[in-house]
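# Chain and residue survey
What follows is each chain in one-letter form.
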Amino acid sequence: MLKAGNASICSFRVVPDLPEPLRPLLEIANNLWWTWHPEATDLFERLDRELWEQTHHNPVKLLGALDQDTLDRVARDRSFMHSLGSVHARFRHHLERLAWFQKEYAELVQGNGQNPLRIAYFSAEFGFTECFQIYSGGLGCLAGDHVKSASELGLPLCGVGLLYRCGYFHQYLNADGWQQETYPDIDFPNQPIRRLIDPKTNEQYRITVEFPGRDVVVGIWVCDVGRIPVYLLDTNFPENQRADRDITHTLYGGDNETRIQQEMILGIGGIRALEKIGEKPTVFHINEGHAAFLGLERICRFRDDHGVDFEEARTTAAAQHLFTTHTPVPAGIDRFPPELVQKYISPMLPRLGLGLDGLLGLGRSHQGDATESFSMAVLALRTSNFCNGVSRLHGDVSRGMWRDLWQDLPEDEVPIGHVTNGVHPRSWISSDLMELYDRYLGPEWQHDPTDYAIWRSVREIPDEELWAAHERQRSSLITWCRGRIRHQLRRRGMSQDEIDSAAAALDPNVLTIGFARRFATYKRATLLMSDLDRLRALFADSEMPIQLLVAGKAHPADGPGKELIRDLVKIAAEKGPLNRIVFLEDYDIEIGRRLVQGCDIWLNTPRRGMEASGTSGMKAAMNGGINVSILDGWWDEAFENRVGFAIGAGESYPDDDMSDAIESQALYDLFERRILPEFYDRDQSGIPRKWIARMKACIRELTPEFSTNRMVADYARQYYGDAHNNGSRLRTNGLEQGRALAQQIRRYQQHWHEVHVLRIDAPVGPAVPVRSSIPVHATVQLGELRPEEVSVEMYYGEVTSMGDLINGRPLPMTLNADADRTAEGAWTFTGEIEASGAGRCGFTVRVMPRDDRLVGTLVPGLIAWHKGDITDGSGHKRDNSATREVVTT
């Protein structure tokens, strides 16, 4: 190798030279639309099947490697040219057609006198296809599927990420079963990406990001995904120091300093890149906290451009920000030592208009705690008006995690919602099943996320056709696995007899279980192996045989995760029935796709509460794979008996050992008593009717509900429109309304200590008949604030044996303008409670700010609860423990 520093090297890109009739192939190859259209990948495979596999399904590399004779021959092949014309026409139709969002939200797309909606979606990783490995797992695949669905639905969205020179590591196991990592270059010239060229200079667009003592040069690339551009940032430029060129070397590599550098490039650099190329987003979607520094850069820009102070800039910027958190435990969030934040971010302080303590406070749950690390999630929460978890259960968990940021607010009112994750159907459903769905559901199943009724037609698919399609997929999977096993074991130095025996152990006619995910200890990959005697008995049953396919990577620094892989491989190496347990190395999108399309059972065994969502089970469900899972993440809201199986009933246990023992036995019971008997219950024609009925219910009910088409539509309905409209409102006329809102919040903060609920009058006794009305009068002191500036509410719910109010809901009160004001600044508000349900109920009264510009969020610390006496309407005080309770009978 000749190192670049030892000589001047002139580099250039060699591109395929295709005959004119084949030029549409290049257009298709350079747009990742092909990744979710089997008819397009079939074209590339027809050119040279062996080379298609060798290039890891990379059409750009394939076209560059084909010899000219092959290209000329194909150009004369009428059948191929007809297929190419059809695929190219479909590709152009996708780019040009009027899609769902453009029809439903035409006013947002057109702008109607203001900037049209444009969403910038920031993510540290994107998983589009196996040949372009700038992803590690679920978060990246989710981001890739989000972009694909945005293209299908016609959302005006662009992506922003990092272009990693080596991506995430590739995995192989040594002879002892211990994970090893390699980091080959991704080879940008042979990827479906291109440098973004500035037409003024005819050179690649570049921006700089300030680091201590130097500026880091960042280049901008673009990857086209259907109609969506994804901009990727790269620091590998000769102008940079060697260490800075390696900032974008690997995904999730290096130490804390590398991580903060990457996140500065993504967040700060991403905003600068969008401005440089002329993109004008009106909504900024932060997919996990890695990109949260974008909030600081946008605050700086508002201050630079409009001369506003920090709070005015933050208030305006936050109205356009949506933060999606994917982490169910604080330990999983990026946190940086204060001195590292000071080193890298303190140069922004003059532009921010903050001191160092103010900056560090933005990333701390307790702003005054100098010992607390700087959390990227907290920074995102403090600079975003909109926030969501990624499943219903995860929304609950997130509100509990971050309730300290909104002290005195009931946990269920913490302003963090949820949009349950989904997966992109066309990327994961087998081509056989897509043909069935097209035939019996019609092609519209792919495009309209609101039409759930169309999925009722799954009942019309003949059992025989569905089962035949599934068996073909399982057979294809096992054939592929055998080849993979031979390759793996040959590399580990096994004998030919051992290799042949291992490959032959798999059977295409046997119930096949899939388990594929990151090997973190909380995911409990070896839960099924907790009782080896019972496991051996399961695998030794010749009348109801099973086999298990496992894949997954442990983070390079995760020793316990690597030990799990080694333990599993050693168990699988036993002589006897357990040789039908196979570990597939180097888990990637291709392995995941093959597994979810061909497995009968999809197994998921995390500790409950540790899985934010999980998406691999959704992919299996769309292919008729049956989930067997702990009630966590998405399965907690998806599970019904007719669509799959639950391990346990959502219980909590005092320690992990007890949880493992109980849930592993429950898992064995499920297989022995329910799953295997149902799967192998065949009629005279060999068809498992009950199992197929379960497959149909699974496809019918879960596919539309857990699709990224539904997910992206939910983001549009719940967040994108509000963020665009309110953000636009605050930004107009030189941030006029943004300044005014910040000043109003200051007014609240200045006078909130004057706000008190002085007295509540409510004629209630110890028992109240159900459905009766309870009139409530509250005397509220507002000080300098006016009644129209606040919202006075009754808060009504159930009362526990400890006197706590749970399942509360706010009920509005109205100003009684005719009542005498008993003191300066005191006002009377009235409302009515309808006693509903039976049991111990109670209420209190609270005061909160009211401003229609506060969309999606609440101002921390601004809530006043009644803490005094309640009278019965005739002036008599009630004992507090009783007056806060109502017993309905």
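The coordinates are above.
Residues numbered from 1 in each chain as written. Predicted model: local features only at pLDDT ≥ 70, side-chain atom pairs only at ≥ 80, totals over all residues. Heavy atoms only, no water.

What follows deals with the pairing of strand β3 (residues 170-173). Burial along β3 is one-sided: Gln 171 and Leu 173 are buried, while His 170 and Tyr 172, pointing the other way, are not. Where β3 meets strand β4 (residues 179-182), four bridges bridge the pair, whose relative direction is antiparallel. Across the sheet, His 170 pairs through a bridge with Thr 182, a residue of β4. Where β3 hands over to β4, the hairpin turn is made up of five residues, of which Gly 177 adopts a positive phi near 85°. (Buried < 20%, exposed > 50% of the residue type's maximum accessible area, 1.4 Å probe, protein only. Helix = DSSP H or I, 4+ residues; strand = E, 2+ residues; numbered from the N terminus. Pairing = 2+ DSSP bridges.)

What follows is about the packing of aromatic side chains. Within this structure, the stated rule accounts for 31 aromatic pairs. When the centroid spacing of 5.7 Å and the interplanar angle of 75° are considered together, the rings of Trp 445 and Trp 455 count as edge-to-face. One end of the pair, Trp 445, is in the loop between α20 (431-441) and α21 (463-491); the other, Trp 455, is in the loop between α20 and α21, with 10 residues separating them in the sequence. As far as the burial class goes, Trp 445 and Trp 455 line up, both buried. Residues Tyr 748 and Trp 752 carry aromatic rings whose centres are separated by 6.1 Å and whose planes lie at 85° to one another, so their mutual orientation is edge-to-face. Each of the two residues, Tyr 748 as well as Trp 752, counts as buried. In this structure an aromatic cluster arises from ring pairing among Tyr 168, Phe 169, Tyr 183 and Tyr 252. Over the aromatic face of Phe 169 sits the side chain of Lys 553, whose NZ or CZ is 5.0 Å from the ring centroid. (Phe/Tyr/Trp six-rings, centres within 6.5 Å; stacked < 30°, edge-to-face > 60°. Lys NZ or Arg CZ within 6 Å of the ring centre and 35° of its normal.)

Here we come to the pattern of salt bridges. Counted by the stated rule, this structure contains 66 salt bridges. Note that Asp 432 and Arg 472 form a salt bridge whose closest N and O atoms lie 3.0 Å from each other. Separated by 40 residues along the polypeptide, Asp 432 in helix α20 and Arg 472 in helix α21 bring together distant segments of the chain. Accessibility expressed as a relative area gives 46% for Arg 472, which makes it partly exposed. (Salt bridge = Lys/Arg side-chain N within 4 Å of Asp/Glu carboxyl O.)

Judged by pairing direction, the sheet is parallel, and its six strands sit side by side in the order β19-β18-β17-β20-β21-β22 without closing on themselves. The open sheet has two edge strands, β19 (581-584) and β22 (644-647), and neither has a second partner. When strand polarity is set aside, the average angle formed by the axes of neighbouring strands in this sheet is 20°. Sitting on the sheet, helix α24 (residues 559-572) is in contact with β18 (546-551) and β19, with an inclination near 140° to β19. (Axes fitted to C-alpha atoms, helices over the stretch in contact; angles between N-to-C directions. Contact = heavy atoms within 4.5 Å.)

Running from amino to carboxyl end, α20 crosses α21 at an angle of 160°, the nearest separation of the two axes being 9 Å. Relative to α21, the element α20 is oriented roughly antiparallel. The chirality of how α20 crosses α21 is left-handed. Across from Asp 432, Leu 433, Leu 436, Arg 439 and Tyr 440 in α20, the residues of α21 making contact are Glu 465, Leu 466, Ala 469, Arg 472 and Gln 473. A breakdown of the residues in the contact of α20 with α21 according to their chemical character gives five nonpolar, one polar and four charged. (Parallel < 35°, antiparallel > 145°, perpendicular 65-115°, else oblique. Left-handed = near helix turned anticlockwise from the far one by under 90°. Nonpolar A, V, L, I, M, F, W, Y, C, P; charged D, E, K, R; others polar.)

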